Amino acid sequence: ARIKAYELAYRMQTSVPGVVNFEKETEATKKMYGMDSPNGVTAAYGHQALLARRLVERGVRFVQIYPKGQMWDNHANIKTSLPAACKQSDLPTAALLRDLRQRGLIDDVLVLWGGEFGRLPMAQGDYAKAGRDHGPSGFTNWMAGGGVKGGTVYGETDDIGYGAVKDRVSIQDWHATILHQLGIDHEKLFFDRNGLHEKLTHTHPTRVVKEILA
């Protein structure tokens, strides 16, 4: 087992130079990802999105793109910080989805976009520099590819966006749906801990949200 682990580490190290070398990518592709932005706004995120596609092409099973800093943590100055975060990520994210589709990969790749929670509809702190506090009761995540029904909006919040009121999807439901699309039954995925079968979906009532599946 130790020898196999060393061999795997070696293969990973030797494959990295080829994965991160973008010389064979066309200028049109780099432009699509926003890597040529004059002010550099989309360059960093575009680089990560393009790298994600290259990793997926090479069989990497899980890829996560982290934004630079905590640009979505808008506890202050949301009028400027939120649009700035969108400008950095919107174009490269769209390019990644388009690129996966053009290369015939979108049906086999489940793309998830989201965070740990949303933002409240009311201001936090000084009005002139206001932000938004954590909003765990009603927020949006989205999926694309991987057997998800395109163009579908599921669930609604109340009139001010404070909490989900219609077709609510719990975190456990979200996880169960993701696992289902990966071919895993969330009820059977567990590990033994202190005599308990610990599951990602815990012991809460959980369902796969089939309304969003193709």
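(A) Here's a closer look at the packing of aromatic side chains. Following the criterion strictly, the structure yields two aromatic pairs and no others. For the pair Trp72 and Trp113, a centre-to-centre distance of 6.1 Å together with 85° between the ring planes defines the contact as edge-to-face. Residue Trp72 is located in the loop between helix 3 (43-57) and helix 4 (78-102), and its partner Trp113 is located in strand 1 (residues 110-113); the two are separated by 41 residues in the primary sequence. Overall, the relative accessible area of 31% leaves Trp72 in the partly exposed class. Taken together, Trp72, Trp113 and Trp142 form an aromatic cluster joined through their ring pairs.

(B) Expanded view of the nonpolar core. In terms of nonpolar packing, the biggest core is built from 14 residues, with Tyr33, Leu96, Leu97, Leu100, Val109 and Val111 touching the most fellow members. Breaking this core down by element, the ones donating at least two residues are helix 3 and helix 4. With four residues, the top contributor of residues to this core is helix 4. In contact with Leu97, other than residues within four places in its own chain, are Ile106, Val111, Trp142 and Ala144. Core analysis: the second largest hydrophobic core is formed by ten residues, Leu110, Val148, Ile212 and Leu213 among them.

(C) Spotlight on the pattern of salt bridges. For the structure shown, the criterion picks out 14 salt bridges. For the salt bridge of Lys166 with Glu156, the shortest nitrogen-to-oxygen distance reads 3.8 Å. You can see Lys166 sitting in strand 6 (residues 164-166) and its partner Glu156 sitting in strand 5 (residues 156-157), a full ten residues away along the chain. Assessed through its relative accessible area of 42%, Lys166 is described here as partly exposed. Taking relative accessible area as the criterion, Glu156 reaches 45% and is therefore assigned partly exposed. A salt bridge links Arg207 to Glu211; the shortest N-O distance between them is 3.2 Å. Owing to a relative accessible area of 36%, Glu211 belongs among the partly exposed residues under this scheme. Overlapping salt bridges, with partners in common, bring together Glu25, Arg53, Arg54, Glu57, Arg58, Asp99 and Arg103 in one network.

Scoring rules and cut-offs
Residues numbered from 1 in each chain as written. Predicted model: local features only at pLDDT ≥ 70, side-chain atom pairs only at ≥ 80, totals over all residues. Heavy atoms only, no water. Phe/Tyr/Trp six-rings, centres within 6.5 Å; stacked < 30°, edge-to-face > 60°. Helix = DSSP H or I, 4+ residues; strand = E, 2+ residues; numbered from the N terminus. Buried < 20%, exposed > 50% of the residue type's maximum accessible area, 1.4 Å probe, protein only. Core = buried A, V, L, I, M, F, W, Y, C linked by side-chain atoms within 4.5 Å. Contact = heavy atoms within 4.5 Å. Salt bridge = Lys/Arg side-chain N within 4 Å of Asp/Glu carboxyl O.

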